[in-house]
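Read off the chains here:
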Amino acid sequence: MSTLMNNVNQRTQLAGENRLELLLFRLQNNHLYGINVFKVKRIIACPPLTQLPHHHPHIIGVANTAEGPLPILDMLSAIKLGKVTDPRKQSVIVCEYNRKQQGFLVDKIESIVNMQWSDILLPPKGIGHKHYLTSITRINNQIVEIIDVEKVISEVTPTSEKMSSQLSDDFAELNQSTVPRTVLVVDDSVVARNQIKRCLAEVQLESILLNDGKQALEHLKNLVEQGKNLNDEYLMVISDIEMPEMDGYTFTRKVKEDPVMKHIYILLHTSLSGVFNKSMVTRVGADNFIAKFDADELAQAVLDLFRKRSLKTPH
């Protein structure tokens, strides 16, 4: 399994070109699933597990690793499709989400495939609101389901969405500012969109929510065609990186290459982490980058821009 993940650093050239590589795997229901290679740290056989008292039912145990305790989550159970019968026969995909490492128990590792983000599509609307998918795609006539891991993790280990009272007070001081109080939020995860929406609402900022970079780019272009100044409409754009049809890097690059749209402030806000992503911020022209999800850090980034724009705007 280690050879499958070799030379991941060479894959970084795909980012910013609206391409990605998916690690394909199966669960015990034999469905085919995918996860972005950039989220994957390593793949291991299921190690010995320690049971913890009062643990969440989806956490089947904790593994002792060289990097510290690693919680192992039964993905099949987490997406409400059953329960693994024998963890010892399973593989573990070790990923980093929202600044923490997490092991996902899977039945079988298939392969890595190189794809266009334009081939990654939103789930059909007819499947309702209780599913655990951010997107789907098709490979060799097979449907590949891409799980909303942020939703899974939020149900197992909820993240605090409360910001410090001092930050709320700081925003209150700017109530007389004429700077726009609306933020464009672009993220394919309904959990992530709502986290940001609630964070912004706490400081009396409104949000417009969109699902992917293609929607966001078309939205901004429509405003420009109507003769509107984007900086009069929005305080900023907060965009995820991993999104179907058009990723956040490509969205940012296209906005910043446009002479009319380039002045709008774009903050990339993603569960992808590492030095590579910070270098990509410069490459595509984004104004800032922070990792998900810390309410205070996000609010501080918004506040800093609010203050900067308030100083430039006549009252």
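For the structure, see preceding data.
What you see is a predicted model; the values in this text were computed from it and never measured.

So, the overall build of the protein chain
Scanning the protein chain from N- to C-terminus turns up nine helices and 15 strands. Looking at the protein chain as a whole, 53% of its 315 residues qualify as buried. Intrachain contacts of the protein chain at a sequence separation of at least 6 include 66% that bridge at least 24 residues. If you sum the accessible surface of the protein chain, you get close to 15000 Å²; carbon and sulfur atoms cover 49% of it.

Side note on unusual backbone geometry
Positive phi, normally seen in glycine, also occurs at Lys80, with a value near 65 degrees. Position of Lys80 among the secondary structure elements: in the loop between helix 1 (75-78) and strand 6 (91-97). For Asn140, which is not glycine, the phi torsion reads 50 degrees and is therefore positive. Tracing the backbone through its elements, the reader meets Asn140 in the loop between strand 9 (133-139) and strand 10 (142-147). Owing to a relative accessible area of 69%, Asn140 belongs among the exposed residues under this scheme.

Let's talk about the sheet that holds strand 8 (residues 108-116)
Strand order in the open sheet formed by five strands is 8-1-2-10-9, with mixed pairing between adjacent strands. Bordering the open sheet on either side are strand 8 and strand 9, each of which pairs with just one other strand. With strand direction ignored, the average angle separating the axes of adjacent strands in the sheet is 35 degrees. Pairing of strand 1 (residues 19-26) with strand 8 involves eight bridges; the strand directions are antiparallel. Bridge pairing in strand 8 links Glu21 to Asn114.

Quick notes on the environment of Pro244
Position of Pro244 among the secondary structure elements: in the loop between strand 13 (236-239) and helix 7 (248-257). What Pro244 contacts, discounting residues up to four positions off in sequence, is Trp117, Ile120, Leu121, Leu122, Ser135, Asp188, Asn211 and Asp212.

Points about the packing of helix 5 (residues 213-225) against helix 7
Axis separation between helix 5 and helix 7 bottoms out at 9 Å; the angle between their running directions is 20 degrees. Regarding the angle of helix 5 to helix 7, the classification is roughly parallel. In this structure, helix 5 meets helix 7 at a crossing whose hand is right-handed. Counting all contacts with helix 5, which are made through Gly213, Ala216, Leu217 and Leu220, the residues of helix 7 involved are Phe251, Lys254 and Val255.

Observations regarding the packing of aromatic side chains
In this structure the tally under the stated criterion is one aromatic pair. For the pair Phe25 and Tyr33, a centre-to-centre distance of 5.8 Å together with 25 degrees between the ring planes defines the contact as stacked. Assigned by exposure class, Phe25 and Tyr33 land together as buried. The ring of Tyr132 has Lys151 lying over it, and the distance from NZ or CZ to the ring centre is 4.5 Å.

Here's the deal with the pattern of salt bridges
By the definition in use, this model includes 11 salt bridges. Asp86 serves as the salt-bridge partner of Arg88, at 3.1 Å between the closest nitrogen and oxygen. Given the relative accessible area of 71%, Arg88 is considered exposed. With its nearest N and O atoms 3.1 Å apart, the salt bridge here joins Lys292 to Glu150. Within this pair, whereas Lys292 is found in the loop between strand 15 (288-291) and helix 9 (295-312), its partner Glu150 is found in helix 2 (residues 149-156), the two being separated by 142 residues in sequence. The residues Lys292 and Glu150 share a single accessibility class, namely buried. When salt bridges with common partners are traced through the structure, they connect Glu150, Asp187, Asp240 and Lys292 into a single cluster.

Here is what the cut-offs are and how they apply
Residues numbered from 1 in each chain as written. Predicted model: local features only at pLDDT ≥ 70, side-chain atom pairs only at ≥ 80, totals over all residues. Heavy atoms only, no water. Helix = DSSP H or I, 4+ residues; strand = E, 2+ residues; numbered from the N terminus. Buried < 20%, exposed > 50% of the residue type's maximum accessible area, 1.4 Å probe, protein only. Contact = heavy atoms within 4.5 Å. Areas by Shrake-Rupley, 256 points an atom, 1.4 Å probe, with all protein chains shown as cover. Pairing = 2+ DSSP bridges. Axes fitted to C-alpha atoms, helices over the stretch in contact; angles between N-to-C directions. Parallel < 35°, antiparallel > 145°, perpendicular 65-115°, else oblique. Left-handed = near helix turned anticlockwise from the far one by under 90°. Phe/Tyr/Trp six-rings, centres within 6.5 Å; stacked < 30°, edge-to-face > 60°. Lys NZ or Arg CZ within 6 Å of the ring centre and 35° of its normal. Salt bridge = Lys/Arg side-chain N within 4 Å of Asp/Glu carboxyl O.

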